[in-house]
Each structure stands twice: as structure tokens, then as C-alpha cells.
Amino acid sequence: MTRISPRTLLHRAAGSLAAAGLLASATLAGAAAPAQAADAPVFTLGGPAETGLHPYPESGAPKGATVGITVNNPSQDEENGGYGGHFTLTFDLSGIDGVADVAFDGESSSADCEVTGTKAVCEDWGIWPGLQGAADLLVTAAEGSKDGDTGTITVTGEAEDVTFAPFTTRLTVGGPDLVMERLPFDQELNPGDKQQAPITFTNRGSRDADGVLLTLMYSRGLDIPQRYTNCEYTVDDPDVPGIGWTTALCSVEGSFEAGATYTLATPLTIEATTRAFYDTFVYRIHEDGAAQRTAQRAGASFARGAGPVLKAVPAKAPRKGATARGGDLNPYDNQQEADFRTKNTADFVAYGDEASGAAGTTVKADIGFRNEGPAWIGYIRSGEDVATVDFTVPQGASVTAKPDRCRAVTADGKYREDQKSPAPRYVCDTSMTVRDGEGLDLPFELRIDKALIGASGEVTVRNTWLQNPMLPFDPKPANNTAFLVLNGEGGGSDSGGTTDGGSGEPSTPPTSAPDPEESPSGTPGPSASTTSDGGSAGTTGGSGGGGGLASTGSIALIASGTAAGALAVGLLLFMAARRRAAAQHA
């Protein structure tokens, strides 16, 4: 059995591509698990709802197809939710007797499978949380079968203290085989560039397709300005983080004959918008039908277009064929993809905060950065994090609470085994996408161990590798750094808790910040491009405004109690007098 560990390095990248529909596959059934029984977990078996088989040839070996059977463990506990026992899958093949022949792919599965007559049994061990492959059936049309013959396979499971929801899949001899043609796009663009997309596909199957469903998906930096009345479009929810795909599902009526090639009556237009950077366009074709439309919607909200009707017309002379409906003979050639690189930039602006408190009190602060655009940045192919926020804790303070995505490192940025006790420095990775106008909000809580005037910690948004900290897309590195200032010139508190700090006057940043030499091997964070990670809002000095707070450069120990209040008042009077004197000499 192929096990999919939730701790793999590319887990987020694969998950995002699958959710976006970038991985070509047949329509899946059995994806949702029924409610679990009170005394036993329920695992759901699944796979393609229907598979088309190439007719048995007059000469030579029959051409096979693969039916991948999956099992879904609905547990959300990635560490402890796995099932560690043996289990058995039983396949009832009586429904395809005379229709199809079945074997098992021993290379792609660890299951021990054996076919006996009209029954097959697979033995395996262990089911991780989530969806994973259980067995791959190699199926071919049976000798003597005829075009249009159909039958079903039913799969059941058995294991101690576990219940399996059964699954049934259908095999049909013959059917359409829709193949999407790859378009020769110009993939190096400038913002505003437009190019035509004359979507073209061929039916290489043995039967006609009764209507086709054209699926168009494009990431945040691309746009297709046309809207068609026979297409429905996803409604983007700005509160939902992530890639920001737009999906168009277009039901095109007609009989698309076997052997014929079709193209759109009017080519689409693909446009690189002002926020384009790294972007992907996906275009695929399926035979239309209610089940296919439901599968492609994947639970998203859609709104119908109001423009003309999108039509497909023959591009070459067709070859006549039957018109009965069936599964696609090869669903893996239904889809094409194109990646675009647009010459563009994104300005990542760090922001700090300001808080005040006496020794022994805990203060709250918000730090982070904003993407001021114009581009969004998404590494949706590699799944790599876009950037890292590097935070040095101000002198005399200790972090008592941090966002989950942040990891403690040593003062020089090296790996730190201890993640529980306060550290001198923290690194916080973004996800693989950062939208324009958004960024990363990081609420921290700090205990003031020694109340020092103007103690500051550097907040830098940088590349994920310390050896090469420059952000390659950011033309303004000067605003990549801000400061978290404790007990600065405008603050002061003789009681516990967080106070609203003033705006302060930026001046020379501290010179004692460490010069890191090695990259901390940070752990990837969640899949959201803008994260608040809980916690209360910090002081008003930062609050995501993008203006960095610099250190005053003055550090002195503050006394406690009444003396602290007197000293703070004296300091403010001294600073005010200094400003007046400077103004008189100006």
C-alpha cells in the first residue's frame, strides 16, 4: 500500500495543487466519509466512479487502464490517528465477468493481492490519517466483449476494531477519449500583456461525447476578461486565504464525434494583470454530465456569466462513431498546464511596535510585514515559503507567547533544540503564497525582566535563506526592517500590562544586532498567506501600518515603583527641553 505521510516536506504543495485541481485525474467517488460509529472508526473506500476501457483489439494485446482504489482515514490527529493493524480488502469481480479482466499492480502497492475466479483479496497493514492509495487494479477489456458492455466491481474492507464503508466502481468497454492540445504560449510576460488561447481538443475514443465540460483555472495574477452565459465562475472570497484561483466551468453542448478535433469558435484571451508574477493556467476537457460538474465544483461557490455563448466548432473532418455515453478511455491526457513569469515586483514592508511596562509585567506587541504590491508572490509549484520574518528579542525582555508558526533559534540564527524556554531570536515563515495587500501578522507577548529605556529588537522580512537574505522580487530593501521598542521615548508605565505607545521618532537603529551566519532550518508554517495566529492585538505603535519603529539608541535601567515614575517624568521633561533648544537654534 502506498502510504502518504502527513509529514512529508512537500505536503502543502501537493495539497494545494490537488485542491486547485492541478493534478489530472478521473472523477472520484467515495471521497467523503460517513459519520463515525461511537465504538469504531469508519474508513471510506473510494476511487474513480467510472472507467472506460479500450475495446479488445482484433490483433495484439489489449490496452489497459488503471483503477486506483483509495482508503480515507478521517482522523485529524496526524501523530496518533493512524491505524496500526492488518486489514483485508475484498473485490467482488462477478459484475464484470465477460466484460473486463483484472490484475493487480504489485509495483505501486505494498498490498499482497491474489485473484481467484470472480474474487480478489488484498492483505495489508497500517492506515495513516487522510487519503492514501490502497491498491491499483490493472483492467483490460475481456476477449469477446463488445463496445458498450459494462459492469461493476464492489470493494469491501475488514479489520479488527475498524469499519469500512464499501465502494463500487463501473467499467465500460469503449467510450470517448478527449485529449486536450497543448497551446504554444509566450510564458515570459510584462504586466498588461495579452495573448490568445484557442483551446483545441480531439476525441480519440471509440464513441462520441455528448457535450463537453471545459474547465479553466488561473491563478491570481492572470485574468480571462470574457464571461460566457454557459460558463459559471468561482466567486472569490477575500476572507479565505490561499492561492486565489479563479475557476470557470463551461458546459458546451453538441455531439463531439469520435476521431474529430474541435476548437473554440472564438479564442479566449489570457491577460497578465498588474499583480502577476509567477502564475499558472490550467485547461482541461471532460464529457459533460451532472456528476462531472459536481466533481469539478469541489464545494466552491459559482456565479453564472452574462456574456455570449461559448461554442466549439470542428477543426478537422470527423470520423463517424456511436453516440452512447461512457467513461473517458484515458483521463490523464484531458488536461494541459502553462506557467507564466511576469516581469514585476512586490514591496514587502516590515512593521514593528512599541510597548511600555515596568519590570515583571507582560506586554503585547504586533510585528510582521505587508506586501504593498503591485505583485502577489506565490511559489505554487515548489511549495516553498515566500519569505521569513526574523525577530530579535529586545534586551531585558523574554518571549512568553508566540505564534505557532514561529520557531526559536539562537542569537546568531542557528538551530535551537529547546523550543519551550524563551529564546533570543525567532524566525517565522510565511506560506507559499503572499497576496498583494496582505502579509503576515505576528502577535507576541513579552515579559519585561529589566525595564530598559529604548530597548529595541529588530524585525526583518527576508529571504528564507540567511546566506542570501535579499528578497529577489523586492526593489526597496530599505523598508524590510523595523523595530519593536520597549519603554521608548513616548512610553512609560509604572503598572503591569500593555500600554499604547506613541509613534516615537525613528533614529539610528541599534548596532548590537547579531550578524547571522547560518540558515535556521525552519519548519513550514500553515497554508494561509495572511495569518494572525490568535492572541490579542498589541500596542498601537505598529498594528500593521508598515512604518518601522527604530531604537532611540539609549538603554538605561529603570527603577521600580515611585522611583520609576519620577525617572520617567524627568526623562520626558529632559527630551522636551532638548527639542525646544534644537528648534531655537534651527
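Above this text is the structure in question.
Trainee: Which parts of the structure should I look at to understand the pairing of strand S5 (residues 83–92)?
Mentor: Put simply, side chains in a regular strand alternate between the two faces of the sheet. By the bridge criterion, eight bridges tie S5 to strand S8 (residues 119–127) in an arrangement that is antiparallel. When the sheet's bridge partners are listed, Phe91 is paired in S8 with Ala120. Two strands pair when backbone bridges link them, and S5 and strand S10 (residues 150–159) are joined in this way by six bridges, in the antiparallel orientation. Counted as the bridge partner of Phe87 is Ala159 from S10.

Trainee: Explain the pattern of salt bridges here, please?
Mentor: Two side chains of opposite charge can pair, provided their charged atoms sit close to one another. On inspection of all chains with the given rule, the structure shows eleven salt bridges. Residue Arg275 is joined to Asp436 by a salt bridge in which the shortest nitrogen-to-oxygen separation is 3.9 Å. You can see Arg275 sitting in the loop between strand S22 (268–272) and strand S23 (278–287) and its partner Asp436 sitting in the loop between strand S35 (433–434) and strand S36 (439–448), a full 161 residues away along the chain. For Asp436, a relative accessible area of 19% translates into the label buried. For the salt bridge of Arg447 with Asp449, the shortest nitrogen-to-oxygen distance reads 2.7 Å. The exposure class of Arg447 is partly exposed, given its relative accessible area of 32%. The class of Asp449 is partly exposed, set by a relative accessible area of 35%. Each of Arg220, Arg275 and Asp436 takes part in a single network of salt bridges with overlapping partners.

Trainee: It is not clear to me how the packing of aromatic side chains should be interpreted in this structure. Could you clarify?
Mentor: We describe a pair of aromatic rings using the distance from one ring centre to the other and the angle between the two ring planes. Taken as a whole and judged by the stated rule, the model has 18 aromatic pairs. Considering the side-chain rings of Phe201 and Phe256, the 5.7 Å spacing of their centres and the 55 degrees angle between planes classify their relative orientation as tilted. With Phe201 in strand S16 (residues 200–203) and Phe256 in strand S20 (residues 246–256), the pair connects residues that are 55 residues apart, well separated along the chain. Ring centres 4.8 Å apart and planes at 25 degrees place the aromatic pair Phe348 and Phe369 in the stacked group. Residue Phe348 is located in strand S27 (residues 346–351), and its partner Phe369 is located in strand S29 (residues 362–374); the two are separated by 21 residues in the primary sequence. For Phe369, a relative accessible area of 0% corresponds to the buried category. The rings of Phe277, Tyr278, Phe348, Phe369, Tyr379 and Phe473 are connected pair by pair, giving a single aromatic cluster. When the ring centre of Tyr233 is taken as reference, the NZ or CZ atom of Arg227 above it lies at 4.4 Å.

About the criteria used
- Residues numbered from 1 in each chain as written.
- Predicted model: local features only at pLDDT ≥ 70, side-chain atom pairs only at ≥ 80, totals over all residues.
- Heavy atoms only, no water.
- Pairing = 2+ DSSP bridges.
- Helix = DSSP H or I, 4+ residues; strand = E, 2+ residues; numbered from the N terminus.
- Salt bridge = Lys/Arg side-chain N within 4 Å of Asp/Glu carboxyl O.
- Buried < 20%, exposed > 50% of the residue type's maximum accessible area, 1.4 Å probe, protein only.
- Phe/Tyr/Trp six-rings, centres within 6.5 Å; stacked < 30°, edge-to-face > 60°.
- Lys NZ or Arg CZ within 6 Å of the ring centre and 35° of its normal.

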